[in-house]
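Observations on the model geometry
Okay, here's what each chain looks like letter by letter:
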Amino acid sequence: MFETLQTMPADAILGLIAEHRNDPRPEKIDLGVGVFRDAQGQTPILNSVKTAETRLLESQASKAYLGTAGAPEFNAAMQALTFADAVSGDRLVTIQTPGGSGSLRVAAGILLRARESVSVWVSEPTWANHVPLLGGAGLDLKPYPYYDTGNHVINVEAMIDALRAAPQGDVVLLHACCHNPSGIDPTEDEWRAIIDVIVERELLPFIDMAYQGFARGVDEDAFAIRELARRVPELIVCNSCSKNFGLYRDRVGSVSFLAADPATRDTVDSQVNNYVRTIYSMPPDHGAAVVGMILGDAELRAEWVGEVDAMRERLESMRVLLNDALIERNPARDFSHLVRANGMFCFLGVTPDEVRQLKQDYGVYMVDSSRINVAGITEQNVGYLADAIAAVVG
Ligand code: LMR
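Residues numbered from 1 in each chain as written. Predicted model: local features only at pLDDT ≥ 70, side-chain atom pairs only at ≥ 80, totals over all residues. Heavy atoms only, no water.

**Section: the packing of aromatic side chains**
Inspection of every chain in the model, using the stated rule, returns 5 aromatic pairs. Relative to Phe214, the ring of Tyr211 has its centre 6.4 Å away and its plane inclined at 55 degrees; by these criteria the two rings are tilted. Each member of the pair, Tyr211 as well as Phe214, carries the same accessibility label: buried. Between Tyr362 and Tyr384, the aromatic rings sit 6.4 Å apart at their centres with planes inclined by 65 degrees, giving edge-to-face as the arrangement. Taken as a pair, Tyr362 in helix H13 (residues 352–362) and Tyr384 in helix H14 (residues 382–393) lie far apart in primary sequence, 22 residues in all. Across from the ring centre of Phe345, 3.6 Å away, lies the NZ or CZ of Arg371, which sits over that ring. (Phe/Tyr/Trp six-rings, centres within 6.5 Å; stacked < 30°, edge-to-face > 60°. Buried < 20%, exposed > 50% of the residue type's maximum accessible area, 1.4 Å probe, protein only. Helix = DSSP H or I, 4+ residues; strand = E, 2+ residues; numbered from the N terminus. Lys NZ or Arg CZ within 6 Å of the ring centre and 35° of its normal.)

In structure tokens form, the structure reads like this:
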């Protein structure tokens, strides 16, 4: 049986973890996978998470099954974190999922239960795993223009034109904030114009929110979702708690469906729970229990918001640091888009050959597209990094 299988190439993002780990050069720098790092280059466990884990260890009385939807406290807290009071809760279904990827996979399955064939418009470019994950689930993916690589801005007009030409009822995948890979998000006015066309064409918004709190703030980053929820009858939101709670390996996420009315909401609820049972049966509990505890406790929640703010501020300051270091070395070359981007990522804006050279000659690792994770920059390595980039771009 297995002899018919073909070896697959390493994942474009995850493959870099092993490549970097196996590089013996002490000066190597990892700007690959989207994992937060502090000023010492570590990915610490948040204090709010540690406290909640300690309390959980002391108070948890059972490991019995919770069911397909996971923990009700977590689901209610994630729903509130995402939608606040933008929409009535009797139109919403939220369930706990194994990470953001798990939530995308559940969303894809439900779309395909609702309709035999579903076209989903995705930004060009988008997260490298959106296409295999959603395409592999059976959705028909079509690109809409988003990032203008030459000018490092969003081509909003082209995006809106493409959405205006999309058949009524198609699905449009949006990044709520911290667009992955470009880091360039629409302004609030641009969001309103995008939402106008979504409403006009009766498109179904399918929103990926993997970085809530990393662009402007926990509430601010939900702007597009809440604005959409006020204006459309149906939408889907996929949340990941990997980055903003630092719970990467614990696989914590949620998926929310907004239905047109409470009766349809109940049907969606039954479908979602039935669907989950046919794929992974139930989500893992530990990380979600931690998130539920943090969001449900005023003090822990305030500490967590402070920790998210600190992560965001570090990312912002590393962008400025690298841009300044590059200006010193190569004033003729404009890298100011590094500072205009939000969250962990942006494109460095170098060629695939230059990406290869940075890896081979300097041990600087990034995705082939030249997407960099700015959390990999520190006060200690920025000089070496800027020297390497300046040398490679000439
Ligand atoms: C990334 O884009 O690097 C992260 O979302 C991690 C991943 O799973 O790809």
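Resuming the write-up.
**Digging into the side chain of Gln79**
Considering the arrangement of structural elements, one finds Gln79 in helix H3 (residues 72–83). When near neighbours in sequence (up to four residues on either side) are disregarded, Gln79 contacts Ala84, Gly89, Leu92, Val93 and Thr94. (Contact = heavy atoms within 4.5 Å.)

**With respect to the pattern of salt bridges**
Summed over the entire model, instances satisfying the criterion amount to 18 salt bridges. Where Arg216 meets Glu188, a salt bridge forms, and the shortest distance between an N and an O atom there is 3.1 Å. Of this pair, Arg216 sits in the loop between strand S8 (204–209) and helix H8 (223–231) while Glu188 sits in helix H7 (residues 188–201); the two residues are 28 residues apart in sequence, bridging distant segments of the chain. For Arg216, a relative accessible area of 41% translates into the label partly exposed. Across the salt bridge formed by Asp196 and Arg231, the nearest N and O atoms sit 2.8 Å from each other. Residue Asp196 is found in helix H7, and its partner Arg231 is found in helix H8; the two are separated by 35 residues along the sequence. Here Asp196 falls in the partly exposed class, since its relative accessible area comes to 39%. Each of the salt bridges in this network shares a partner with another, and the network as a whole consists of Glu188, Asp189, Arg192 and Arg216. (Salt bridge = Lys/Arg side-chain N within 4 Å of Asp/Glu carboxyl O.)

**Things to note about the side chain of His175**
Residue placement: His175 occurs in strand S7 (residues 171–175). Within the structure, the side chain of His175 is placed 2.8 Å from the side chain of Thr126, a separation counted as a polar contact. Filtering out sequence-adjacent residues up to four positions away, His175 remains in contact with Ser123, Thr126, Trp127, His130, Asn180, Trp191 and Asp208. (Polar contact = N/O pair within 3.5 Å; in protein donor to acceptor, adjacent residues only side chain to side chain.)

**What about the site of the ligand?**
In the vicinity of the ligand, the contacting residues are Ile13, Val33, Gly34, Trp127, Asn180, Tyr211, Lys243, Phe345 and Arg371. Take Gly34: an N or O atom from its main chain is 2.7 Å from an oxygen atom of the ligand. Within the contact set of the ligand, an oxygen atom lies 2.8 Å away from a side-chain nitrogen or oxygen of Arg371. For the ligand, whose free accessible area comes to 260 Å², the fraction covered by protein is 83%. Per-class residue counts for the shell around the ligand are 5 nonpolar, 2 polar and 2 charged. (Near = heavy atom within 4 Å. Areas by Shrake-Rupley, 256 points an atom, 1.4 Å probe, with all protein chains shown as cover. Nonpolar A, V, L, I, M, F, W, Y, C, P; charged D, E, K, R; others polar.)

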